[in-house]
Amino acid sequence: MAEQPLLDLRGVGKSFGGLACLSELDLHVNEGEIVSVIGPNGAGKTTLFNVITGVYRPDEGDILLDGESIVGLEPHKVTDRGVARTFQTLRLFLNMTVRENVMAVQYGRTKSTVFEAMLRLPRSRREERQIRLNAEEKLSFFGQRLVGYRWDQPAYSLSYANRRRLEIARAMATEPRILLLDEPAAGMNPSETHEITELIGQLREEGKYTILVIEHDMHVVEGISDRVVALDHGVKIAEGSFDAVATDPRVVEAYLGLRKAETK
Amino acid sequence: MADDVTQPRIGVDEWVSSVEEKRERYRGPIGWLRRGWDSSPPAARLLVFVVPAVIFPFVTSEGNLFRYGLITLLYALLGLGLNVTVGFAGLLDLGYIAFFGIGAYTYGYVASTHANHHWPAELAIPLAIAVAGLVGFIVGFPSRRLVGDYLAIVTLFFGQAFVVFVNNADRINFWPFNHTDLTGGANGLDNIDPLNVFGWKVNTTKEYYLFTLGAFLLVMILLYFVSGSRTGRAWKALREDPLAAEVMSMPVNKLKLMAFTFGAGIAGFAGAIYGSVQTGAFPGDYDIGLLITIYAIVILGGAGSLAGVIVGALIVNGVPELLRDSNQAEWVFYTVVAILVITKVRPWQKLVTVIGGTIALGFALHAIADAWFPRWTAGEANAGRLAHWVSHWMVLPSHPTQLANWAYVLTIALILVLTLLHGWWRTIVMIPTIYVGAFAWENLLVENTVGATRFLLLGALLVVLMNARPQGLFGSARVEIV
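Draft legend 1. Broad picture of the overall build of chain B. If you tally the helices and strands in chain B, you get 19 helices and six strands. Across the 482 residues of chain B, 40% fall into the buried class. Here the contacts in chain B between residues at least 6 apart in sequence split such that 74% fall between residues at least 24 apart.

Draft legend 2. Fine view of the interface of chain B and chain A. Taken together, the contact between chain B and chain A spans 31 residues of the former and 36 residues of the latter. Only helix H1 (14-25), helix H8 (205-227), helix H9 (230-240) and helix H10 (242-247) of chain B provide two or more residues apiece to the side of chain B that touches chain A. Considering every element that reaches the side of chain B that touches chain A, the biggest residue donor is H9(B), with seven residues. Classifying every residue of the side of chain B that touches chain A gives 18 nonpolar, four polar and nine charged.

Draft legend 3. A look at helix H7 (residues 190-205) of chain A. All names here are of chain A. Taking 1.5 Å as the rise per residue, H7 with 16 residues should run 22 Å; its terminal C-alpha atoms sit 23 Å apart, in good agreement. Of the residues making up H7, those classed as buried are Ile196, Thr197, Leu199, Ile200 and Leu203. Take H7 and look down its axis: the buried residues cluster within an arc of 165°, on one side only. Opposite the buried face of H7, by more than 90 degrees, sit the exposed residues Pro190, Ser191, Glu198 and Glu205. Buried-residue contacts for H7 involve strand S3 (34-38), strand S7 (178-182), strand S8 (210-214) and helix H8 (218-224).

Draft legend 4. A look at the nonpolar core. Residues and elements named next belong to chain B. One finds Leu77, Ala259 and Ala270 to be the most contacted residues of the largest nonpolar core, which totals 196 residues. With 16 residues, the top contributor of residues to this core is helix H11 (residues 252-278). The residues contacting Leu77, other than those within four sequence positions of it, are Thr212, Ala215, Phe216, Val219, Ile266, Phe269 and Ala270.

Draft legend 5. The sheet that holds strand S1 (residues 7-16) of chain A, seen in detail. Residue and element names in this part refer to chain A. In spatial order, the strands read S2-S1-S4-S5; together these four strands make up an open sheet with antiparallel pairing. Each edge of the open sheet is held by one strand with a lone partner, namely strand S2 (19-29) and strand S5 (68-69). Across the sheet, helix H1 (residues 45-52) is in contact with S1, S2 and strand S4 (60-65); its angle to S2 comes to roughly 70°.

Draft legend 6. Geometry of the domain arrangement of chain A. Residue and element names in this part refer to chain A. Domain annotation for chain A reports domain 1 (1-82 + 176-264) and domain 2 (92-173). Between domain 1 and domain 2, the C-alpha centre-to-centre distance is 27 Å. For the side of domain 1 that touches domain 2, the secondary-structure elements that each account for two or more residues are helix H2 (75-81) and S7. It is H2 that provides the largest number of residues to the side of domain 1 that touches domain 2, a total of three residues. Considered class by class, the residues forming the side of domain 1 that touches domain 2 number five nonpolar, four polar and two charged.

Draft legend 7. Layout of the confidence of the model for chain B. Residues and elements named next belong to chain B. The predicted model of chain B has a mean per-residue pLDDT of 85, with 92% of residues at 70 or higher. Below pLDDT 50 for its whole length, residues 1-12 participates in five contacts with residues either more than four positions away or in separate chains. With a pTM of 0.85, the predicted complex shows an ipTM of 0.91.

Draft legend 8. Structural view of the packing of helix H14 (residues 326-344) of chain B against helix H19 (residues 452-468) of chain B. All names here are of chain B. Contact geometry of H14 with H19 gives a least axis separation of 10 Å together with a crossing angle of 25°. With respect to their mutual orientation, H14 and H19 come out roughly parallel. Considering only the axes of H14 and H19, their crossing is left-handed. Between H14 and H19, the residues in contact are Val332, Phe333, Val336, Ile339, Leu340, Thr343 and Lys344 and Leu457, Ala460, Leu461, Val464, Asn467 and Ala468, respectively.

Draft legend 9. Quick look at the environment of B:Trp200. Residues and elements named next belong to chain B. Examined against the element boundaries, Trp200 turns out to sit in strand S5 (residues 200-201). A tally of 13 C-beta atoms within 10 Å means that Trp200 is categorised as partly exposed. For Trp200 and Pro120, which are 80 residues apart along the polypeptide, the C-alpha to C-alpha distance reads 9.8 Å.

Draft legend 10. View of the environment of B:Ala307. Residues and elements named next belong to chain B. Position of Ala307 relative to the elements: it lies in helix H13 (residues 306-322). Sequence separation between Ala307 and Glu480 is 173 residues; the distance between their C-alpha atoms is 24 Å. Sequence-distant contacts of Ala307, that is, excluding residues within four places in its chain, are made with Arg45 and Phe474.

Draft legend 11. Representation of the environment of B:Met250 in the model. The residue B:Met250 is located in the loop between H10 and H11 in this model. Remark: the alpha-carbon pair of B:Met250 and B:Arg230, spanning 20 residues in sequence, is separated by 9.9 Å. Aside from chain neighbours lying at most four places away, what touches B:Met250 is A:His76, A:Tyr107, B:Ala234, B:Ala237, B:Leu238, B:Ala245 and B:Leu255.

Draft legend 12. Summary view of the packing of helix H12 (residues 288-301) of chain B against H13(B). Residue and element names in this part refer to chain B. At their nearest, the axes of H12 and H13 sit 7 Å apart, and the two run at 125° to each other. Classified by the angle between their axes, H12 and H13 sit oblique to one another. Relative to H13, H12 is oriented so that their crossing is right-handed. Residue-level contacts link Thr293, Ala296, Ile297, Val298, Leu300 and Gly301 of H12 to Gly308, Val309, Val311, Gly312, Ala313, Ile315 and Val316 of H13.

Draft legend 13. Expanded view of the sheet that holds S7(A). Residue and element names in this part refer to chain A. Pairing is mixed across the open sheet formed by six strands, whose spatial order is S6-S7-S8-S3-S9-S10. Each edge of the open sheet is held by one strand with a lone partner, namely strand S6 (83-85) and strand S10 (235-240). Between one strand and the next, the sheet's axes are offset by a mean angle of 20°, whatever the strand orientation. Both S3 and strand S9 (residues 227-232) contribute to a ladder of four bridges, which runs parallel.

Draft legend 14. Molecular detail of unusual backbone geometry. Residues and elements named next belong to chain A. Phi at Asp66 is positive, roughly 55°, even though this residue is not glycine. Judged by the 15 C-beta atoms lying within 10 Å of it, Asp66 falls in the partly exposed class. Phi is positive for Lys208, which is not a glycine, with a value near 55°. Among the structural elements, Lys208 can be located in the loop between H7 and S8.

Draft legend 15. Region of the structure containing the pairing of S4(A). All names here are of chain A. By the bridge criterion, five bridges tie S1 to S4 in an arrangement that is antiparallel. Paired with Asp8 across the bridge in S4 is Leu64. Two elements, S4 and S5, share two bridges in a ladder whose sense is antiparallel. Among the inter-strand pairings, Leu64 is bridged to a residue of S5, identified as Ser69. Hairpin connection of S4 to S5: two residues between the antiparallel strands, including Asp66 at a positive phi of 55°.

Calculation criteria
- Within any chain, residue numbers begin from 1 and follow the written order of that chain's sequence.
- Both sets of labels track the order of writing: A upward for chains, 1 upward for ligands.
- This being a predicted model, a pLDDT of at least 70 is required before a residue's local features are given, and a value of 80 or more before pairs of side-chain atoms are given or counted; all residues contribute to the totals for chains, interfaces and linings.
- Secondary structure is summarised from DSSP: a helix means a run of H or I of at least four residues, a strand means a run of E of at least two, and numbering begins at the N terminus for each.
- Counts of 20 or more other C-beta atoms within 10 Å of a residue's own C-beta define buried residues, counts of 12 or fewer define exposed ones, and intermediate counts define partly exposed ones; C-beta atoms are placed from the backbone.
- The contact rule is simple: place each C-beta atom from the backbone, and if two of them lie within 7 Å, those residues are in contact.
- For this classification, the nonpolar set comprises Ala, Val, Leu, Ile, Met, Phe, Trp, Tyr, Cys and Pro, the charged set comprises Asp, Glu, Lys and Arg, and every other residue, Gly included, is treated as polar.
- Working rule for helices: expected span equals 1.5 Å times residues minus one.
- This arc is taken over the directions from the axis of the helix to the C-beta atoms.
- To count as a nonpolar core, a set of buried Ala, Val, Leu, Ile, Met, Phe, Trp, Tyr and Cys residues must be joined through C-beta atoms within 7 Å.
- Strands qualify as paired when DSSP identifies two bridges or more between them.
- Every axis in this analysis is a line fitted to C-alpha atoms, fitted for helices over the stretch in contact. Angles between the N-to-C directions lie between 0 and 180 degrees.
- Per the annotation, domain bounds derive from an automatic or database assignment of domains.
- Per residue, pLDDT captures the predictor's confidence, and it can take any value from 0 to 100.
- With respect to orientation, any angle under 35 degrees is reported as roughly parallel, any angle over 145 as roughly antiparallel, any angle of 65 to 115 as roughly perpendicular, and every other angle as oblique.
- When the near helix sits turned anticlockwise from the far one by under a right angle, the crossing is termed left-handed; a clockwise turn instead gives a right-handed crossing.

Have a look at this one:
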């Protein structure tokens, strides 16, 4: 592994009041790779995302993005460095329109001040145009689902699957280098799940994103992953190709508690 | 949405189509107005307000211009500032009126006989804005991490502390301010200079009105541009979901501070104008009462809506003034009842029953009273056309006070009973409720509209309007998905 990984977690630990959610976690994601994180409920997957994006500060260890530490930065600074995420429990700006949702998150990439906006100075107008075009481009990534008359509809009027898509579009609009997707297929029906699987592939091929994804649906994980990391109780218990991890006895145990049953 | 049909129906969920249906349901003149308003450009919408506002001072008396025009505009300007903090950024700022006071006191300090400074307004107003904004920043700085109730408590405390401060800051006595009289204490500052903008001495009510109108339009247009900019969107995003906004590259703490400072600055601007209009600044003017009024304006108009602030200010300031006159009060009362019945009684069969039943009940009782108890209809009707019509319908006893007092109590009891009933029973009981309520109004309350009744009725109107449109008149319905 000669090249430097894009995202590199070294010995990261995080505990809440004595309960260790992550401990001694080493994880890396190379440029252009799709890495899946699996694990039973409460394994620390979402905590992992919160630690990477700066919502929580890790108790120990270091997180490097392209060789530079991002530990201790405020979340919006982490996003500016090129990390964007979606939320497992959707957190859209529900009462804003679909387009506004995607426009709002380009705050960090634009510079015009509030006074320039008041007086509509050239830089502000130029940036506004750019933000709008960019938003429409990101939304058109999803085919017909989020374009046209949908642009001006409030986000709450979207169906569940479309809200998930909008979350991804919103994360894309911050122009990240690495996308963190938190259960993108949760709550979707089989055909929508299939579509998401293809979409994540497209994100890499066309969007040139590096992707770290938490997913429960093993078909999705199988379909997209270059590498799979399994967590249990905040500890990495397996890492490798999908087939290797899925048949790893410790992973099977974590999901099914098999060994305990055998020893009895 | 005419081309909606030709689009593929796949992915068009029922929710969306139900929303479209709701919008299309408004037919007739109201629907036409709504669609016209929604589709007209912002400049045209502004004209709907500006043209009458400019004509108004040339067709009305000085007193009316002051009461309906100038004060409404000042309230609306205050509403614009509160709209930034509360409407855009969603920060519950209960110390807002203090910034209004700071504006007035700052202007008063540098432009009055109090300290014998007489700054021209082009310097004094920016100073008032800057001082109010700075104090907003200072208050916002430690409280920027607070949300919801906690922020409300801290800012409420600040608002009260301001009143205590101005009451006592007439004898500051520590280095380097030995024996300084900053605010005039409980007596306030008086003899504040009239505005003097680049040599234009603003003296008459009409001039003040036009100046305030200009100030209001300026702030409104600037805010309109801000609301459509990256900052405006970030404020709205922060109101919707602070965590998501922070993770999506928006510096939430900085944005909160900005919203706080902005709102405070606008309040300072309004304060400076108010100080010079009043030619004084008094501690009692900047208390909770005004805060509630401004909140009522913003919430009634629809938090986050700039047009709503104007309509909110017109209603909240205009209606109590209208109610001073019993003839106008009569119109207001029956309009409120009509709005309440029309918006709340569904379906149309019940609506027809209520309206028809109430009218029939009135005439029947009037006829019975006429035939057997002439004394019951011997009372004097108010002057005015509506009151004249009403006198054929309403029983007006010659000595009504005692009876009307009981009717008042009975109205409240009937309303309580109404809330317990369902279906047709509710419809039927509604008929005597309205009649008894109107009886109490005609025989008791209409005489006292200068006093407490005014505010009672305004309160009732606000309850009715907020019930009919919880999101405010110009607000868009807010939806939470759980």
